[in-house]
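What the coordinates show
Each chain, written out:
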Amino acid sequence: MATKTIRVDTLTRVEGEGALELDIADGAVAGVRLAIFEPPRFFEALLRGRAGAEAPDITARICGICPVAYQMSAVHAIEHAWGITLDARLRALRRLLYCGEWIESHTLHIVMLHAPDFLGFPDAISMAAAHGEVVRRGLALKKAGNALLRLLGGREIHPVNVRVGGFYRVPTRAELAPLATVMAEARLDAIALTRFVAGFPFPDFARDYEFVAMRHPTEYPMNEGRVVSSRGLDIAVAEYETAFAERHVAHSTALQSGLRGGGSYLVGPLARFNLNYDRLDASVQALAAEFGVAPGCTNPFRSIIVRALEVVYACEEAERLIADYDPPPAPAVAVVPRAGTGTACTEAPRGILYHRYDLNAEGSILAARIVPPTSQNQSTIEDDLRIIATRDLALPENVLRDHCEQAIRNHDPCISCSTHFLRLTVRRQ
Amino acid sequence: MTRAALVIGLGNADRGDDAVGLHIARRLAARGLPGVTVAEAGGDTLGLLERWTGAADVVLVDAAGPAGQPGRIHRLDPSLGPLPRDLALGSTHAFGLAEAVELARTLGLLPRRMAIYAVEAGGFDPGAALSPAVAAAAADATALIVAELREGLADA
């Protein structure tokens, strides 16, 4: 049997360390493995015995790009277990903090990691020589997101100001007000960025994904809602583990999540947009129409436009939350630990992030379960790659490799989170 | 006479020799050199472009990847050309120090004068202290940086 191996030893422009292996036997793709070899970090085990109140700060350490997502899922899950309901004003501040992370994380991925693929540049540095204005604007947007994190989170990376029951400190009106101007300017940068990415050449590719996202009665989802899918799933977050299961695969240190009935699914911007288009502002819907994306979009390469639209949305939402800011009477509500189980799911930039904690009467963690978005998308990414590799098998190996890497980046995988670089190996048989 | 300068130590305090940039920054801060601002930075290397905005003289201090001589001190001057990739001024995140400096160069955002001190690491074990060779090098590098700041960074 004729065999061949193509290998990308270190996938670049993704978060964390991983590789891709393609097996080709008799001219057909026989196997695709998104191999994650970043060492497992055993966060779920090290949480056991820690106080529930520590979960937001411990789990924030899972990722330097999306620490707010970890804090939000953790803090909501603990509050769920302890029966704590937040004041609407505290809730609004949590949402504002999340807007900061969406702006920062999405912009980093769009400008620094993904855009070079579409324009044929090896990296953002070479892209900056030809499109300096775009990169400068990207840095300005990232700075705007950072400003929100710094004020509400206490610092930009691994914020430290979120606590069970609220925050340690809330900003004054005077502290928050200047950020309204920052967000208004950021919104214009985000629209310009959307226009830029919408002009990219997009491969003709579509798949019948099962999209999974949060769904809130009135809001574009961030912190809460039900878990819904494009094929009719509609469950409370507490039922998450009845619908989804994680499995171990030999080639990866990250668990892969799938539907219990079998099959893979897709979380992230495209899923959120398709399932929650009606929750977007009319202004963002109008931009989507102008830039050629409509709900029902199944081309993952176009997710870069949706990601940019979500940056526009997050800037608008932040402006609104700042304008409406009414400082809460206290930075946090009273917290009384109790025995029980708490679950939460929030929309990390890359897709839904599920946390569950079992707690004893003293509030110590007995068991923890964390399902990051990249674990949920890993199997879908492998399916995308199988189709793309089959289509492009006759192309030169370096082109095949580039196409595969670009397809992986469509989903902005955070490999650090999922186990917590990517290599491509193709074996031709 | 010390000219106004910004020193940024980079690294992760909990990853063995990766913390050497932070150690050196703290030693420099303790000296209280007039006109010298000392800062520390963690993972957000892109944020450096923002942090050094407005500073004419910038010294960056980081750990270099292990290459057989733990504690070896490299001094790099970005004005002389692209930073060598083999020093592995890397990051497990998407953007390392070398990339941030090269991006700044492309965008015209490099400070007028910049020196990068990189101390070769022995290892990055979680929770480990600085290895003896690297701890010794931290003292030497601090002295070198103090001398350079006193003389003023050379013009590009």
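Residue indices follow the written sequence of each chain, beginning from 1 at its first position. Labels follow written order: the first chain is A, the first ligand is 1, and so on. In view of the model being predicted, local features appear only for residues whose pLDDT reaches at least 70, and side-chain atom pairs are presented and counted only at 80 or more, with totals across whole chains, interfaces and linings using the full set of residues.

1. Observations regarding the overall build of chain B
Looking only at helices and strands, chain B has four helices and five strands in total. For chain B, the α and β elements follow one another from N to C terminus as β-α-β-α-β-β-α-β-α. Whether a residue is buried, exposed or partly exposed follows from its count of other C-beta atoms within 10 Å of its own C-beta, namely 20 or more, 12 or fewer, or something in between, respectively; the C-beta atoms are built from the backbone. Put simply, chain B has 156 residues, and 48% of those count as buried. Sequence-distant contacts, at least 24 apart, represent 76% of the contacts inside chain B between residues at least 6 apart. Elements are defined by DSSP. Helices are runs of H or I of four residues or more, strands are runs of E of two residues or more, and each kind is numbered from the N terminus. Residues are defined as contacting one another if the C-beta atoms placed from their backbone atoms lie within 7 Å.

2. Here's the deal with the overall build of chain A
When helices and strands are tallied, chain A shows 15 helices and 14 strands. Between the two quantities, the radius of gyration covers C-alpha atoms and the globule rule is 2.2 Å times the number of residues to the power 0.38. Computed over the C-alpha atoms, the radius of gyration of chain A is 21 Å, within 12% of the 22 Å expected from 2.2 N^0.38 for a compact globule of 429 residues. When the backbone C-alpha atoms are referred to their principal axes, chain A occupies close to 70 × 45 × 35 Å. Here chain A holds 429 residues, and the buried ones make up 54% of them.

3. Some words on helix H14 (residues 397-409) of chain A
For H14(A), spanning 13 residues, the distance from its first C-alpha to its last is 18 Å, which sits close to the expected 18 Å at 1.5 Å a residue. Here H14(A) has its buried residues at A:Leu400, A:Arg401, A:Cys404, A:Ala407, A:Ile408 and A:Arg409. Working rule for helices: expected span equals 1.5 Å times residues minus one.

4. Remarks on the confidence of the model for chain B
Residues and elements named next belong to chain B. Averaged over every residue, the pLDDT of chain B is 87; residues scoring 70 or more account for 88%. Values of pLDDT, which run from 0 to 100, indicate the predictor's confidence residue by residue. In the model of chain B, helix H2 (residues 47-51) stands out as the element of lowest mean pLDDT, 87, in contrast to helix H1 (residues 20-31), which has the highest, 96. If you check the scores for this complex, the pTM reads 0.90 and the ipTM reads 0.81.

5. A short note on unusual backbone geometry
Residue and element names in this part refer to chain A. At Asp 26, a position not held by glycine, the phi torsion is positive, near 50°. Position of Asp 26 relative to the elements: it lies in the loop between strand S2 (18-25) and strand S3 (28-36). You will see that Asp 412, though not glycine, has its phi angle at about 45°, which is positive. Its place among the elements puts Asp 412 in the loop between H14 and helix H15 (415-418).

6. Thoughts on the sheet that holds strand S6 (residues 212-215) of chain A
All names here are of chain A. Here, a strand pair is defined by DSSP locating no fewer than two bridges between the strands. An order of S6-S7-S8 is seen for the three strands of this open sheet, with the pairing classed as antiparallel. The open sheet terminates on both sides in strands that have one partner only, identified here as S6 and strand S8 (234-235). Alignment of strand S7 (residues 226-229) against S8, held across two bridges, turns out to be antiparallel. Considered in S8, the bridge of Val 228 is made with Asp 234. Here an angle of 0 to 180 degrees is reported between the N-to-C directions of two axes, which are lines fitted to C-alpha atoms, with helices fitted over the stretch in contact. Set on the sheet, helix H10 (residues 269-276) makes contact with S6 and S7; between it and S6 the angle comes to about 50°.

7. A word on the nonpolar core
In this structure, A:Ala308, A:Val311, A:Val312, B:Val7 and B:Val119 are the most contacted members of the largest nonpolar core, which totals 149 residues. A:Ala19, A:Leu22, A:Leu385 and A:Ala389 belong to the second-largest nonpolar core, a separate cluster that totals 16 residues. We define the nonpolar core as any set of buried residues of the types Ala, Val, Leu, Ile, Met, Phe, Trp, Tyr and Cys, connected via C-beta atoms lying within 7 Å of each other.

8. Focus: the packing of H1(B) against helix H4 (residues 132-151) of chain B
Residue and element names in this part refer to chain B. It is at 9 Å that the axes of H1 and H4 come closest, and there the two elements cross at 45°. With respect to their mutual orientation, H1 and H4 come out oblique. Here the hand of the crossing between H1 and H4 comes out right-handed. Contacts between H1 and H4 pair Val 20, His 23, Ile 24, Arg 27, Leu 28 and Arg 31 from the former with Val 134, Ala 138, Ala 141, Thr 142, Ile 145 and Val 146 from the latter. Of the residues in the contact of H1 with H4, the class split is eight nonpolar, two polar and two charged. Roughly parallel means an angle under 35 degrees; roughly antiparallel means over 145; roughly perpendicular covers 65 to 115; every other angle is labelled oblique. The sense of a crossing depends on the near helix, which, turned anticlockwise from the far helix by less than a right angle, makes the crossing left-handed and, turned clockwise, makes it right-handed. Residues are grouped as follows: nonpolar covers Ala, Val, Leu, Ile, Met, Phe, Trp, Tyr, Cys and Pro; charged covers Asp, Glu, Lys and Arg; every other residue, Gly included, is treated as polar.

9. What to know about the sheet that holds strand S1 (residues 5-10) of chain B
Residue and element names in this part refer to chain B. Overall, mixed pairing links the five strands, which are arranged S2-S1-S3-S5-S4 in an open sheet. Bordering the open sheet on either side are strand S2 (36-41) and strand S4 (73-76), each of which pairs with just one other strand. If you compare each strand with its neighbour and ignore which way they point, the axes differ by 20° on average. For S4 and strand S5 (residues 113-120), the ladder comprises four bridges, and the chain directions are antiparallel. Within S5, the position partnered with His 74 by the bridge is Ala 118. Running at roughly 145° to S1, H1 makes contact with S1, S2, strand S3 (57-64) and S5 of the sheet.

10. Focus: the domain arrangement of chain A
Residues and elements named next belong to chain A. Considered domain by domain, chain A is made up of domain 1 (3-38 + 400-428) and domain 2 (43-391). A C-alpha centroid distance of 24 Å is found between domain 1 and domain 2. Contact residues are listed per partner, giving 30 residues for domain 1 and 31 residues for domain 2. When residues of the side of domain 1 that touches domain 2 are traced back to their parent elements, those giving at least two are S2, S3, H14 and H15. With seven residues, H14 is the largest single contributor of residues to the side of domain 1 that touches domain 2. In terms of residue class, the side of domain 1 that touches domain 2 is made up of 16 nonpolar, eight polar and six charged. Segmentation of the chain into domains, including their bounds, is taken from an automatic or database domain assignment.

11. Digging into helix H8 (residues 178-198) of chain A
Taking 1.5 Å of rise per residue, 21 residues should cover 30 Å, and H8(A) covers 31 Å from first to last C-alpha, within 8% of that figure. Tucked into the core, H8(A) has its buried residues touching helix H4 (88-119), helix H6 (132-153), helix H7 (173-176), helix H11 (282-290) and helix H12 (303-323) of chain A.

12. As for the environment of A:Gly165
Residues and elements named next belong to chain A. With respect to the element layout, Gly 165 can be found in the loop between strand S4 (162-163) and strand S5 (166-167). The spacing of Gly 165 and Arg 226 is 61 residues in sequence and 21 Å in space, taken between C-alpha atoms. Gly 165 has contacts with Ile 84, Ala 332, Val 333, Ala 334 and Val 335, leaving out every residue within four places of it along the chain.

13. Some words on the environment of A:Pro337
Residues and elements named next belong to chain A. With respect to the secondary-structure elements, Pro 337 resides in the loop between H12 and strand S11 (340-348). A sequence separation of 204 residues divides Pro 337 from Glu 133, and the C-alpha atoms of the two residues are 51 Å apart. Not counting residues up to four positions away in its chain, the partners in contact with Pro 337 are Gly 52, Trp 82, Leu 359, Glu 362 and Gly 363.

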